[in-house]
Amino acid sequence: MPLEPRIARIVKLMNTLDRRSDDTPMVERRRFAAESARRFGSVVMRKGPEPPSTVDRTVPVAGGRIRVRTYTPAGTGPFPLYVFIHGGGWCAGTLDERDPRCRTVSAGARCVVASIDYRLAPENGYPTPVEDCYAALTWLVDHAAELDVDPSRVAVGGESAGANLAAVICLMAREQGGPALCHQWLDVPAVDLTLSQPSFRDVPDGYLLDRSTIEAYLDCYLDHRDQAREPWASPLFADDHSGLPPAWIMGVEFDKLRDDSKAYAEVLRTAGVDVEHQILPGHVHSSFAFTRVTASAVAYEQHAIAALRRAFDRARLGPTPEV
């Protein structure tokens, strides 16, 4: 199907405003992304309800400390925990940009949401961002009582590069003995950094995530492109995907990363992992979050949050006894 009409207008506007050349330094790309989020974020995204508690915490990681922002819903805990990782090509993105979504998820799934402010490339390239996210995950679970969360009901998720990091920390948690995770929610994930999936070639530029932008992000994130085949960079290439948490995976029609979502869903299913996968028609890479713009974005967000609630409910009930 064609682009949804309102999304098509936004795509046209953003393509008009973005006049950067392919060799624009990453610091300027980051500044443009932050300015765009500041100018248009409240226009395209609904702001979730004000949570009773929002706290910025400082968490130790290898070689430094990072911020983690927690959103606690109304009611009595212990609450399930959803660890959220923002996108931005491992090089951009902030906690504030995804504050509306974190508020919405916390209220909708009645969970504590912990949003991770991992260190960014190129100043902190691979594997620092994923190591930061895994360190934050383990810290959050270790401090479950302080945070009023239930360590037996923990899910992770993210968007784009954040979904890449979420998928990788699921692998790390399995390989390093925990924490136990009940769900992974991956929106428009980048799981094949070799850029080998058909949609990378088949979807043309002009839909808010062009080839030059992806290449620039990877050049900043990876020291060399051979690293793209390492599982902590491209979780698609892990030797074994068994034993990973059930997955909710979404791609969008007009996105060079569309087939990354399809490929990852397939390898997880082959490994025996429960997977729900869908392609959102008429959307571009970031528009699934445009909840002020299209009813389909609102519906998608509601369905994804409902899936997260179900995962938490299943984790609370425990495994079904074998007959």
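Just above sits the structure.
Residues numbered from 1 in each chain as written. Predicted model: local features only at pLDDT ≥ 70, side-chain atom pairs only at ≥ 80, totals over all residues. Heavy atoms only, no water.

**Details of the sheet that holds strand E3 (residues 79–85)**
Two orientations exist for strands paired in a sheet by backbone hydrogen bonds: parallel and antiparallel. Strand order in the open sheet formed by eight strands is E1-E2-E4-E3-E5-E6-E7-E8, with mixed pairing between adjacent strands. Every interior strand has two partners, whereas the edge strands, strand E1 (53–61) and strand E8 (275–284), have only one. Between one strand axis and the next, the sheet turns through 20° on average, direction left out of account. Here six bridges tie E3 to strand E5 (residues 149–159), and the two strands are oriented parallel to one another. (Pairing = 2+ DSSP bridges. Helix = DSSP H or I, 4+ residues; strand = E, 2+ residues; numbered from the N terminus. Axes fitted to C-alpha atoms, helices over the stretch in contact; angles between N-to-C directions.)

**Section: the packing of helix H3 (residues 99–109) against helix H10 (residues 295–317)**
At a minimum axis separation of 9 Å, H3 and H10 run at an interaxial angle of 50°. Viewed along their axes, H3 and H10 adopt a mutual orientation that is oblique. The handedness of the crossing between H3 and H10 is right-handed. Contacts between H3 and H10 pair Arg101, Thr104, Val105, Gly108 and Ala109 from the former with Glu301, Ile305, Leu308, Arg309 and Phe312 from the latter. (Parallel < 35°, antiparallel > 145°, perpendicular 65-115°, else oblique. Left-handed = near helix turned anticlockwise from the far one by under 90°. Contact = heavy atoms within 4.5 Å.)

**A few points about the pairing of strand E7 (residues 247–254)**
Two faces, one strand: in a regular strand the side chains alternate between the faces of the sheet. E7 sits mainly inside the fold: eight of its eight residues count as buried. Sheet topology note: the strand E6 (residues 183–187)/E7 ladder contains four bridges and is parallel. Bridge assignment links Leu186 to a residue of E7, and that residue is Ile249. In this structure, E7 lies alongside E8, joined through seven bridges in parallel fashion. Looking at E8, one finds that Gly251 is bridged to Ile279. Once the chain exits E7 it traverses helix H9 (residues 258–270) before rejoining the sheet at E8, and the crossover so formed is right-handed. (Buried < 20%, exposed > 50% of the residue type's maximum accessible area, 1.4 Å probe, protein only. Right-handed = clockwise from strand over helix to strand, strands pointing away.)

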